[in-house]
Each structure stands twice: as C-alpha cells, then as structure tokens.
Amino acid sequence: MLDSKAKLLDTETAPDVPDAPYPGLVTLGATENGDLLLADLLHTGTLLLEGTADDVLAVGRAMALEAGTCGWTDHTEIMTVGLGTRLATLLPRGRVQPMPHVSAVVADLGALLLEVHQQADDSGAPEPLPWILICAGDVDTEQAWQLADAVSAARNLPIAIVLPANDATRNAFPTAEPIAAAPGTPVTLPQLSDEAVQLQRLTDEQYHQYVHALKFAEEPAEPATGTWQLAEPHDQTAAAPRPQPHPLLRIHTTGTEASDPGSPYPALLASVSATTPAAPKALQDTPAAETATEAEAEGAGAEADDAGAGPSAAGSGAGKDEPGTEDSGEESQAPEIAVLGPLAVSGVTTSGHGPKVAALAALIHLRPGRSADFLCTAMDPVTPWSTRTLQSRLSEIRSRLGTAPDGSPYLPRPTHGYRFHPDVTSDWQRFQHLATRGLADPDAGTADLENALYLLRGKPFEGRDFAWADAVQQEMISRIVDTAHTLAVRHTEGDHPDLDAARRAALRGLEIDETSEVLYRDWMNIEWGAGNTAGVRKAIARLHQVARTYDISLEPVTEQLIDLVLSDQSGATRYARSSRT
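All of these numbers come straight from a predicted model, not from anything done at the bench.

What counts as what
- Residues numbered from 1 in each chain as written.
- Predicted model: local features only at pLDDT ≥ 70, side-chain atom pairs only at ≥ 80, totals over all residues.
- Heavy atoms only, no water.
- Buried < 20%, exposed > 50% of the residue type's maximum accessible area, 1.4 Å probe, protein only.
- Helix = DSSP H or I, 4+ residues; strand = E, 2+ residues; numbered from the N terminus.
- Pairing = 2+ DSSP bridges.
- Right-handed = clockwise from strand over helix to strand, strands pointing away.
- Expected span 1.5 Å × (residues − 1).
- Contact = heavy atoms within 4.5 Å.
- Axes fitted to C-alpha atoms, helices over the stretch in contact; angles between N-to-C directions.
- Parallel < 35°, antiparallel > 145°, perpendicular 65-115°, else oblique.
- Left-handed = near helix turned anticlockwise from the far one by under 90°.
- Salt bridge = Lys/Arg side-chain N within 4 Å of Asp/Glu carboxyl O.
- Lys, Arg positive; Asp, Glu negative; His and termini not counted.
- Core = buried A, V, L, I, M, F, W, Y, C linked by side-chain atoms within 4.5 Å.

> Explain the pairing of strand β6 (residues 131-135) residue by residue, including any values.
Counting buried positions over the five residues of β6 gives five, a clear majority of the element. Alternating positions in β6 separate into two faces, W131, L133 and C135 on one and I132 and I134 on the other, with burial throughout. As defined by bridge partners, strand β4 (residues 77-81) adjoins β6 across five bridges and the pair is classed as parallel. By the bridge assignment for β6, I78 is matched with I132. Relative to strand β7 (residues 159-164), β6 is paired through four bridges, and the arrangement is parallel. If you follow I132 over to β7, its bridge partner there is A160. One crossover worth recording links β6 to the parallel β7 by way of helix α5 (residues 141-154), and it is right-handed.

Now the structure itself:
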C-alpha cells in the first residue's frame, strides 16, 4: 500500500521518468466504496488463487489483461499458462506470452538465469526485465517443485508468480499468500490494506466480447462504396485546387433539379433518397448488428480454439494456398517472416510497436547470431536503441511467436547471439528452395520457378527502408530477376512456346525491378515473336522512360536488339537469345 504521506508525481513531471517505478502493478479489486486496491506483484511474492478452475481463470485473466495493456508494464515479460492464446495474439502491446505448460515456463526461467549469470561480469549489461507468471492451468507436484527451485535460484531477480492453490503449490510455496477467487467473497490482504475488496475478474462472456472487439479492430478498412466514393480524397487539402468532378457526378439531371439553388448536389441527394427505404436491410448487414450473434458463436467454440490455437500464418497471406506449400506434405504451423513484399510476421499486428517488432524479427532472421549491440545500432543507426528497449521488443517477439511443439520459445534467449528456432522460416527461404531446385532441373523444374514467383507480393520490404537490409534486398531482387528471366526463356523454347506465360514471367520480374534490361530484352523478343508490333513499341517506350528517369545509358546489346525488332529483321529472336546474360 502506498504511504499516504508519499509525494506523487504531477502530470508535468511524470513523462520525464524513463522507466515505470512499479512495472508489476495490477488492480486486485475494489472496496464497497469503489476504491481500487492496487498491488505490485513483484513485491507481494507468490500469490495462490483459491477456488474453482473457472474462478481462478476469471481472476487470472483480469490480472494478465491489465498487466499486458497498461503503460507501466512496457518493459515486462508476462508468462501465462492456461489462459488461452487468442487474447495474447490480439493485444496491441505484445507482452503476454502464452506457454503450453509450467515445465516450459521453468525452462524459460532457467534460460533467463543463465543469461543473467553470463552477463554478471559485464558492467554495461542491462538489468533483466521484470518477469511475471500468471497460471490458471494444472500444476502437478513435480512442476511445482521445479518452479520453486528456479524461483529460489533467482534470488533478487524481479520475479512474480500467481498460481492456482492446490496441495502441490501449497507445499512448494509454503509462505505464499492465499487469495479466495470465488465471486462475492470479500478478500483482505493485511500486508496491503485492512479493507475487504472484491477481486477483479474477467468472465467468459466479457472475455469473448473483448476478443471479438480486438479482432475487428485489426481488420483492414473496407473500401468506400456507393455515394461514399464521393468523399474528398485524403490527399486533397482545402487550400489546393479542386480536381475535376468525380465520374459518379457526371449524370443527366432533370431541369428542375439542375435549376434548384437549394439542391447543389442533386445526384448525391437522389442516390441517398433512393437508398433510404433499404436502410433497415443495410443496417442488418453491418458488423455492429452482427456483434451479438458472432459473440455467441465465438463463445461456443472459443475454449476449443484456445486449446489448439497456435501462431497463424504470416499476416501477408503468402504461402496459404499456393502450390509451393506442397513440398512439406503438410502445412507448417511454425511462424513465418514474409519479406517478399510488405514486411509481415506471424502474429505481429501493425498496431502499437508492431512495425518495429516485425523489423527486428526480420533482422534476426536474416542476420542470425548478431549481438545485442549490433541489433541496437542496426535498428536505428542515428539514435541506437537502448538495451532495455531492445529487451522489450525481444520479449514482444517471444510473446507474439509463442513456443514450438517441444515447448521451447521460437526466439530462444541468446547463448552466442540472437537466432530463431530452426522451425521459423520465411517466404525468402521458400523462394530460394524452389528457385534453386527449378534452376537445377531444366526439364521438370519450370513448375518450381513458377511457384517461386507466386510467392512474390511486391518488392522485398516494400514500403520500408532499412539500412541493414540493403545488401540482402539487392540479392533478393537479383535472384528474382534471374528466376523470371530463366522462366521466360524456358517458355519461349521448344516446338510449342507459351508466349503468354513467358510474357507474364518477364512482366512479373519487371514489377520487382523496373530497371532490369535483360527482362526488357525478353519482353521485346516475346512481343516480336508474337507479331505484336504495338507490344514491341510499348516495351521500348517503357524502357526509354525508365532510362530517362534514372539517367542511365542502355547496354549495347539492348540498343542493338531495339534496332533489330524495329527493323523487323528475321534474326531478332536468334540474336536476342544468344545475347542474353
């Protein structure tokens, strides 16, 4: 309990405090007068929740949810057992890390102790992040004693534990504070307050409603339809000249509507009035009207989902149904880092610290074995991250990605640099596997090359610019161009060339690297072979435009091929093939 004479921070001073002074602070409950009782779990020691499994689950959920969302636990690792996985993957702050069982928690705590021991002689090493376990699952005797031994070995490390009360946990933690978790039962904690409180809890219904709301919050915005397309574009400022009328406004109106000064937008008014009778039906189709039904549906199967839920496929959607996933025989449930397009990582959303967390995950995957100092500098060369910030983002990666089937985290604690579990993969790895196999087999490898190009969602790291990724990004682009070029050549060879497939391959490669002259030569040759004069001139015009934009000179072989196809000489195809590189 806070000393009543303590001087509190005002609103002007509080932002200057670098780290939260009470990272384990959670609301235990409220008194009859509505006063909240807050406790710092890192100072209350081990707490045992007494009650039924449902009561322990409700109280544990409330603790984990508050600890995982409040601002003062930004630098905290929060482990949960038996609370499900859905909520942790949807929270905007990825601090909650679901663990499959207590044994996995013990292994993580042991890795933390080893990391601290290895850094004991390093005066510049940061202090370990506060570590909190909130468990509502089964704990047997062996697990309870393993956890007790690990906590005892931790000595002065900032650790807090909340467990269900049973014979095993009572024996392993004899000094733990018991708390009655049953609803309607007043709880008094002498070390905190003399007043009885009702414990804070999150019921199943509240849990499903919260998950439902978070799920819809992460859904991308739907494009405007109907009259909403007439809204001013976001890049059109009030001071800028107005653009031409929207095409939807270019309709014929009656003389009355056109001359009515009180109806400046007759088309808009007409469309609104025309849809008014159908408004009740439209409202029935909105997400708001479906909330109750979907919440009930989720409530029926949510616990089953939690029991078997694991990290989802990368948010990009790449690799979901494409032929390239058939190599393994079954769809992998391990996290994937998607870099062949906008950066996306399994379970990492775009809200909160999501973009930075995804970038850090990509860095670790593409540059494995690097030290903490390297990661801090690489993530921001101008203003390097502090090691404490790095630890927080690493903790969020562990929370978002979860654990492998063997219980080990997909991002283990470092021994010789940071690296992912071997099961963690990326679309770049799959691309390399398919492309190299396809290149090695001139007869049957064409399908592999097609599948490799199918993985592309855009340019590597599209929309982001990372200094550490420049070299690997260029390598990716070069390999993509090689793959597209080889595929285009194979489709033009033989007695029955497929010029449409060849054209698709060349243009797909040009979407990734619009300056690749070898692909322009392929494109010109394909159009010339198809007798498409307009296509030939289009390819040449686009190439010249790119050359002017980037102020580059064309290679001699490209200039010669342009002369050949424009003069329509019969040797163009043979010349182009013999001069490709």
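Next comes the rest of the write-up.
> Provide a residue-level description of helix α14 (residues 387-401), including the pertinent values.
For α14, which comprises 15 residues, the first-to-last C-alpha distance of 21 Å matches the rise-based estimate of 21 Å (1.5 Å per residue) to within 8%. Along α14, twelve of the 15 residues are buried, which leaves the element largely enclosed by surrounding structure. Within the span of α14, buried status applies to L390, Q391, S392, R393, L394, S395, E396, I397, R398, S399, R400 and L401. Contacts from the buried residues of α14 go to β4, α3 (86-90), β5 (96-99), β11 (344-345), α12 (354-366) and α13 (372-379). Backbone geometry just downstream of α14 places G402 in the positive-phi region, at approximately 80°.

> Tell me what's going on with unusual backbone geometry, and back it up with residues and numbers.
Although it is not a glycine, F461 adopts a positive phi angle of roughly 60°. Assignment of secondary structure puts F461 in the loop between α16 (446-454) and α17 (470-492). In this structure F461 comes out as buried when scored by relative accessible area, which is 2%.

> Please set out the packing of helix α18 (residues 499-512) against helix α19 (residues 517-529) residue by residue, giving values where relevant.
Between α18 and α19, the shortest axis-to-axis distance is 9 Å and the interhelical angle comes to 155°. Taken together, α18 and α19 sit at an angle that is classed as roughly antiparallel. Relative to α19, α18 is oriented so that their crossing is left-handed. Contact residues: L499, A502, R503, A506, L507, G509 and L510 in α18; L519, Y520, D522, W523, I526, E527 and G529 in α19.

> Explain the pattern of salt bridges residue by residue, including any values.
Opposite charge on two side chains makes pairing possible when the charged atoms of those side chains draw close. Applying the stated criterion across every chain, the model contains 16 salt bridges. Taking the shortest distance from any N to any O, the salt bridge between D167 and R170 comes out at 3.7 Å. Here D167 and its partner R170 are both found in helix α6 (residues 167-172), three residues apart, which amounts to about one turn of the helix. Across the pair D427 and R457 runs a salt bridge whose closest N-O atoms are separated by 3.8 Å.

> An account of the side chain of D513 is needed here, citing residue identities and associated values.
Position of D513 relative to the elements: it lies in the loop between α18 and α19. Salt bridges are absent for the buried D513, whose nearest opposite-charge side chain, K459, sits at 7.0 Å. Beyond its immediate chain neighbours, meaning those up to four positions away, D513 contacts I477 and V481.

> Run through the nonpolar core, naming residues and quoting values.
Counting residues in hydrophobic clusters, the biggest one holds 71 residues, and the most contacted among them are L360, F431, F461 and W468. Looking at this core element by element, the count peaks at nine residues for α12. Membership of the second largest hydrophobic core comes to 38 residues, among which are V26, L57, L87 and L91.

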